[in-house]
Amino acid sequence: MDRLANTVRPYAWGSTTALPELLGTAPTGEPQAEMWLGAHPGAPSRIDRGAGPVSLAAVIDAAPEAELGADTVRAFGPRLPFLLKLLAAGSPLSLQVHPDRAQAAEGFADEERRGIPIDAGHRNYKDANHKPELIVALTPFDGLCGFRHPAQAADLLEGLGVDDLKPYVDILRASPEEDALREVLTAVLGAEHHAIAGTVERASVAADQLAAKGGPHADAYAAYAVLAHHYPGDPGVLAAMLLNHVQLQPGEALFLGAGIPHAYLGGLGVELMANSDNVLRCGLTPKHVDVPELLRVVRFEAGDAGVLRPEDVNGEEVYETPIDEFRLSRFVAAPGAAPQALPSRTPQILLCTAGTVQLREAGAAAAGDGAGLALAPGESVFVPAGERITLSGDGTLFRATVVA
């Protein structure tokens with residue numbers, strides 16, 4: 001196994017304190033948004049096998065079957081198919097949606113054919129892959145995920161008492177679910193900014209006032225008021241009101257599949273995703289919003305946010321998702337408990353988020369050898385396929401791998 005040195009990305013929406021508190025480092029005063037763990041070319045982790053630091057991506061490229069195992073290479077190709085992150089949102093991220101695999105392949109091929117530079121601001125597809133995501137809260141975590149039922153969205157908008165919203169309320173009450181959600185989202189995002197900015201402002205003021213009064217929608221109204229504070233006049237604020245507001249408690253998770261509009265609003269979490277940069281933005285951003293392409297990708301299906309809780313499988317707490325490229329689980333080690341053997345068939349990244357976790361090669365542990373690695377919060381290792389590891393200590397460890 002190899003200890004990882006990881007890169008922290010300083011996106012503007014990042015928290016200035018959450019990652020330093022977890023990592024035990026001094027805040028820099030600048031946002032620290034994401035720590036990337038893996039072999040993504042944008043910021044690959046680094047390992048040192050005695051000849052100095054080298055990119056994990058380069059190590060895998062040099063010997064993919066040795067590092068990933070033949071089964072993983074056969075299923076996903078000679079690349080690590082997932083990216084693990086620590087994500088610390090100090091302010092809301094953009095409202096966004098991800099394509100499915102077929103949409104991504106089609107969109108990428110089309111933009112390549114049209115000669116749009118890969119780094120162009122108006123480019124939608126950076127690669128031909130889908131980008132499902134899983135976020136597990138380490139602290140209370142605020143987000144938006146999936147469409148509310150139209151009647152619920154109508155109640156929320158009507159409660160604001162803003163006359164400009166009445167046409168949207170009428171559509172949500174009168175039209176079939178898919179038609180209603182599509183028509184209102186299209187109207188909101190397709191409106192001229194100067195024409196809808198006043199409506200957004202009036203809705204935002206009303207949301208702030210209603211949040212202060214309390215009531216059944218107070219938390220949601222408060223969240224939308226925060227969005228409006230960060231993105232005044234942005235039609236994405238109204239689009240966000242069509243979505244479920246969810247407040248995760250530590251250990252709870254959200255799975256974000258293709259076509260599901262979502263946004264992270266605040267909190268610290270462990271995020272695992274397929275290796276892709278494909279994001280279509282719906283608003284709450286100064287970046288490019290391609291409304292026609294967005295509407296092609298969005299799934300206009302209402303439902304609750306689908307909060308996930310882990311299921312115990314022989315001491316491994318697994319967050320079940322319908323994705324093969326990644327699998328996230330959690331181990332909680334207790335003092336004095338017997339060392340627990342981790343599955344070894346697939347490549348894995350192990351991340352400590354609390355306490356201290358001791359990792360040893362299975363043979364060394366059985367022989368009582370003291371060699372091994374102790375992980376503190378924020379520390380991590382890469383374990384090649386086939387390497388048998390045992391876990392002990394007093395702490396929490398997340399395990400990212402693929403479905404065997």
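Scroll up to find the structure this text is about.
Below: a short report on this structure. As the structure is a prediction and not an experimental result, all values here were calculated from the model.

## Re the pairing of strand β21 (residues 389-401)
Now for step 1: Most of β21 is tucked away: 11 of the 13 residues are buried.
Now for step 2: Looking at chain direction, strand β16 (residues 327-333) and β21 are connected through 7 bridges and run antiparallel. Across the sheet, the residue bridging to V332 is T396, located in β21.
Now for step 3: The sheet contact formed by strand β17 (residues 340-341) and β21 spans 2 bridges and is antiparallel. Paired with A341 across the strands is T390, a residue of β21.

## Quick notes on unusual backbone geometry
Now for step 1: Not every positive phi belongs to a glycine, and L284 is a case in point at roughly 60°.
Now for step 2: On the secondary structure map, L284 appears in the loop between β13 (280-283) and α12 (291-297).
Now for step 3: By relative accessible area, which is 1% here, L284 ends up buried.
Now for step 4: In the Ramachandran plot, N314 falls in the positive-phi region, its phi being about 55° despite a non-glycine side chain.
Now for step 5: Tracing the backbone through its elements, the reader meets N314 in the loop between β14 (311-313) and β15 (316-319).

## Details of the packing of helix α9 (residues 193-213) against helix α10 (residues 218-230)
Now for step 1: As a packed pair, α9 and α10 sit with axes 8 Å apart at the nearest point and diverge in direction by 140°. It follows that α9 is oblique to α10 by the angle criterion. You can see that α9 and α10 cross each other, and the crossing is left-handed. Of the residues in α10, those touching α9 at S204, A207, D208, L210 and A211 are A218, Y221, A222, A225 and A228.
Now for step 2: Per-class residue counts for the contact of α9 with α10 are 8 nonpolar, 1 polar and 1 charged.

## Observations concerning the nonpolar core
Inside soluble globular proteins, nonpolar side chains tend to come together where they are buried.
Now for step 1: The biggest cluster of nonpolar side chains holds 54 residues, and the ones touching the most others in it are L144, F147, L160, L172, L238 and M241.
Now for step 2: When residues no more than four places from it in sequence are discounted, the contact partners of F147 are L181, L185, L242, L243, N244, P261, V298, R299, F300, E301, A302 and G303.
Now for step 3: Counting residues in hydrophobic clusters, the runner-up holds 36 residues, among them L4, I60, A88 and L272.

The rules behind each value
- Residues numbered from 1 in each chain as written.
- Predicted model: local features only at pLDDT ≥ 70, side-chain atom pairs only at ≥ 80, totals over all residues.
- Heavy atoms only, no water.
- Buried < 20%, exposed > 50% of the residue type's maximum accessible area, 1.4 Å probe, protein only.
- Helix = DSSP H or I, 4+ residues; strand = E, 2+ residues; numbered from the N terminus.
- Pairing = 2+ DSSP bridges.
- Axes fitted to C-alpha atoms, helices over the stretch in contact; angles between N-to-C directions.
- Parallel < 35°, antiparallel > 145°, perpendicular 65-115°, else oblique.
- Left-handed = near helix turned anticlockwise from the far one by under 90°.
- Contact = heavy atoms within 4.5 Å.
- Nonpolar A, V, L, I, M, F, W, Y, C, P; charged D, E, K, R; others polar.
- Core = buried A, V, L, I, M, F, W, Y, C linked by side-chain atoms within 4.5 Å.

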